[in-house]
Amino acid sequence: MKKIVILGSTGSIGTNALDIIAKFPGTFQAVGLTAGTNVEKLEEQIRAFSPAAVAMADDAAAARLRARCKGLTTTILSGADGLRQVATMPEADLVISAIVGGAGLVPTLAAIKAGKFIALANKEPMVMAGRLMQDEARKHGVRIFPVDSEHSALFQSMEGHRAEDILRLILTASGGPLWNMTKEQLQHVTVEQALKHPNWKMGDKITIDSATLMNKGLEVVEARWLFDIPASKIEVVVHRESIIHSLVEYQDRSVIAQLGLPDMRTPIAYAMNYPARIPLDLPSLNLAQIGTLTFFDPDHDKFPCLGLGYEALRTGGTMPAVLNAANEVAVQAFLDRRIGYLDIAGTIRRTMDAHQPAEVATIEDALGADAWARAKSGEIVDSLSTSPSVVH
Ligand SMILES: NC(=O)c1ccc[n+]([C@@H]2O[C@H](COP(=O)([O-])OP(=O)(O)OC[C@H]3O[C@@H](n4cnc5c(N)ncnc54)[C@H](OP(=O)(O)O)[C@@H]3O)[C@@H](O)[C@H]2O)c1
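As a starting point, this report considers the structure included with it. (Residues numbered from 1 in each chain as written. Predicted model: local features only at pLDDT ≥ 70, side-chain atom pairs only at ≥ 80, totals over all residues. Heavy atoms only, no water.)

## Regarding the sheet that holds strand β4 (residues 75-78)
We apply this condition: Strands qualify as paired when DSSP identifies two bridges or more between them. Helix and strand assignments follow DSSP, with helices taken as H or I runs no shorter than four residues and strands as E runs no shorter than two, numbered in order from the N terminus. Orientation is described by lines fitted to C-alpha atoms, with helices fitted over the stretch in contact, and by angles between N-to-C directions that extend from 0 to 180 degrees. Whether two residues are in contact is decided by their heavy atoms, any of which lying within 4.5 Å being enough.
Read from one edge of the open sheet, 7 strands run β4-β3-β2-β1-β5-β6-β7, paired in parallel fashion. Looking at the sheet topology across the chains shown, the edges are occupied by β4 and β7 (144-146). In this sheet, adjacent strand axes meet at a mean angle of 20° when their direction is disregarded. Each of β1 (2-7), β5 (94-97), β6 (117-120) and β7 is contacted by helix α5 (residues 105-113), which is oriented at about 150° to β6, the strand it contacts most.

## With respect to the packing of aromatic side chains
Ring pairs (aromatic) are described by centroid distance and by the angle formed between their planes. Using the following cut-off: For Phe, Tyr and Trp, rings pair up if their centres lie within 6.5 Å, where Trp contributes its six-membered ring, and each pair is then called stacked (planes under 30 degrees apart), edge-to-face (over 60) or tilted (otherwise). Note on criteria: charge over ring means Lys NZ or Arg CZ within 6 Å of the ring centre, with the direction from the centre no more than 35 degrees off the ring normal.
In this structure the tally under the stated criterion is 9 aromatic pairs. The interplanar angle of 45° and the centroid separation of 6.3 Å between the aromatic rings of tryptophan 179 and phenylalanine 296 together place this pair among those described as tilted. With tryptophan 179 in the loop between β8 (166-173) and α8 (183-186) and phenylalanine 296 in the loop between α13 (287-290) and α14 (305-315), this pair connects stretches of sequence that are 117 residues apart. In this structure an aromatic cluster arises from ring pairing among Phe117, Phe145, Phe155, Tyr270 and Tyr274. For arginine 224, the ring lying beneath its charged end belongs to tryptophan 225, and the centroid distance is 4.0 Å. Its end group placed over the ring of tryptophan 179, lysine 302 keeps NZ or CZ at 5.9 Å from the ring centre.

## Re helix α10 (residues 204-212)
Rules: Buried residues are those whose accessible area, probed at 1.4 Å on protein chains only, stays under 20% of the maximum for their type, while exposed residues exceed 50% and partly exposed ones sit between those limits.
The buried fraction of α10 is high, at 7 of 9 residues. The set of residues buried in α10 consists of Lys205, Thr207, Ile208, Asp209, Ser210, Ala211 and Thr212. The inward-facing, buried residues of α10 contact α6 (123-139), α9 (191-194), α11 (214-227), α14, α15 (319-335) and α16 (341-353). Positive backbone phi, at 70°, marks leucine 213, one or two positions downstream of α10.

## What to know about the pairing of β6
On a regular strand, each side chain points to the face opposite its neighbour's, so the side chains alternate between the two faces of the sheet. To keep it simple, the criterion reads: By convention, orient the strands away from the viewer: a clockwise path from the first strand over the helix to the second makes the crossover right-handed.
Where β5 meets β6, 4 bridges bridge the pair, whose relative direction is parallel. Bridge assignment links leucine 94 to a residue of β6, and that residue is phenylalanine 117. For the crossover that starts at β5, traverses α5 and ends in the parallel β6, the hand is right-handed. Looking at chain direction, β6 and β7 are connected through 3 bridges and run parallel.

## Notes on unusual backbone geometry
With omega at 0°, the peptide bond leading from tyrosine 274 into proline 275 counts as cis. For leucine 213, which is not glycine, the phi dihedral falls at a positive 70°.

Quick look at the structure:
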């Protein structure tokens, strides 16, 4: 029986992981769960899975949860220390890191330092402090299994091959809901349009990241650290159908890919039960029915966020953490209808331009850059939020 902690259990990845745990009770047990503020959902999960402990980032939400769960055996913790305690529970074999954004860095790193194997969905910490996380993982004998479908595909396409034979990693991108819009149309994109992803049902933040292609920019950085491959060997191809999840080219020009219908339960299950595969009750891929798979080069002019990801990676040091924080602030401001869609890239660009990159030697360096970038991009958002580019 594998004992599992889920950081971010109430989110899209978290609920998919719990769905797998519920279907395979003899294989997995949920021993710890965490959430931000969603009391109702976490209560439901406590009643369904009876974890030994849960934590909520928000103290007031945890107090409400305690009142609703009186008489139950689950320990309810709160705040940063509560998250850390659940992330490092002695009985846990695997921590599924599925908090959204930089908020996942501290608990995920704590889990690594406690020697927990990680199933990593939360890509933002890898962007902020990838080298540091991998150094700690090596030091503590920890394996980090990718959950992101693209990185899971790369991981699967590398199994049984020699790292020194790799020529290129090719990440596929769906292009998101706005791919076919003109630059003029992109000026007037609404939140509802940007949230309408053609292939994947995900949390709001990553769905907006997909609409700007920043998700792919973050994934390029994530791939660099997960697989220890330089940016010059990581490419992106737009593949609208999301059937090929990513590809690896080897020096004999052989290309290995992983395919499947777009359902996150497949990569989540692989990371949870590596190397064994779980018999998931999902439809089979029917290539004849799909008929055509299409591929395009990314359009850097319409979608500059992908290029910002590469730029931050090449600059290195604190710049990727700045990119990530500015993106989080800008995406939230867009979701709150304070800035327009095109202002997301503009805010990140201006924040990166104002930053003097420094080395990330400690977690404090990454967190310091994160705090600086949140303040800077917050100022930029304030200055933009009365602009006419906001679409209500
Ligand atoms: N969704 C996907 O299909 C997918 C695919 C690949 C990678 N990922 C990555 O996986 C991560 C999670 O994505 P998601 O779509 O599952 O996000 P989501 O649906 O928004 O869920 C986020 C989770 O994080 C918790 N949370 C939010 N803010 C927090 C904070 N400050 N402190 C502690 N917990 C906090 C939320 O709790 P509440 O519910 O209480 O707010 C929720 O449990 C992201 O990094 C994303 O890029 C997702």
